[in-house]
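So you can see what is in the structure, the chains are spelled out below.
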Amino acid sequence: TLTALIFTCVVTPAEVAFIDSGFDALFVINRLVDLVFFIDLILQFNTMYKKESRMFGTVWVVKRRNIALHYLRGWFLIDVVSLVPFDMVGVILDDPRIQKLKVMRVIRLLRLLKLVRVLKASQVAKKWRNDVNISNRHLSLVKFFVVLSVC
């Protein structure tokens, strides 16, 4: 999922700004990234979460029904909308006159909703950092190596 997030963060803005929709290698890669995000969506219905309780302190919620309701009330709608392949409209409507319409530009901008997932990932990373209790020095070192490996 992290690789798909990095790809989305780097490629989607450039794709929306400069690249016309078409059935090419980038289209196929985008569908593979959507598949990764779809699998993540399914996994979210089975991922425990922490809940603060006055009586018991911090507890892990393990009931599937409660996990599903928590996810449906939270990030589910954003995750589903980010999975909609808006660039398929450009491929299906291959007419150049239609692609120049303002509606098509708005549809292309909707692809940027995938970047909201990066916000979700940063919140998860912040929770993880608080749970693990990692020092800022070590965190900076990890960030450096991640950026170095991406470049």
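Since the model is a prediction, treat every value here as computed from it, not as a measurement.

Engineer: Sorry if this is basic, but what is going on with the overall build of the chain here?
Structural biologist: Assigned secondary structure in the chain consists of nine helices and two strands. For the chain, the N- to C-terminal ordering of α and β elements is α-α-β-β-α-α-α-α-α-α-α. Residues classed as buried in the chain amount to 24% of the 151 residues present. For the chain, the share of sequence-separated contacts (at least 6 apart) that also reach a separation of at least 24 residues comes to 65%. Accessible surface computed for the chain: about 11000 Å², of which carbon and sulfur atoms make up 69%.

Engineer: I tried to follow the confidence of the model for the chain on my own but got confused; where do I start?
Structural biologist: Residues shown with low pLDDT carry predicted positions that ought not to be read at fine detail. When pLDDT is averaged along the chain, the result is 76; 62% of the residues meet or exceed 70. The secondary structure element of the chain with the lowest average pLDDT is helix α6 (residues 96–99), at 58, and the one with the highest is helix α3 (residues 64–73), at 94.

Engineer: Whenever I open this one, the pattern of salt bridges confuses me. Can you help?
Structural biologist: Side-chain pairing between opposite charges can occur once the charged atoms of the two side chains come close. Going through the model one piece at a time under the given rule, you end up with one salt bridge. Asp-34 serves as the salt-bridge partner of Arg-31, at 2.8 Å between the closest nitrogen and oxygen. Of the two residues, Arg-31 and Asp-34 are both situated in helix α2 (residues 25–44); the distance of three residues between them amounts to about one turn of the helix. When sorted by exposure, Arg-31 lands in the same class as Asp-34, which is buried.

Scoring rules and cut-offs
- Residues numbered from 1 in each chain as written.
- Predicted model: local features only at pLDDT ≥ 70, side-chain atom pairs only at ≥ 80, totals over all residues.
- Heavy atoms only, no water.
- Helix = DSSP H or I, 4+ residues; strand = E, 2+ residues; numbered from the N terminus.
- Buried < 20%, exposed > 50% of the residue type's maximum accessible area, 1.4 Å probe, protein only.
- Contact = heavy atoms within 4.5 Å.
- Areas by Shrake-Rupley, 256 points an atom, 1.4 Å probe, with all protein chains shown as cover.
- pLDDT = per-residue confidence, 0-100.
- Salt bridge = Lys/Arg side-chain N within 4 Å of Asp/Glu carboxyl O.

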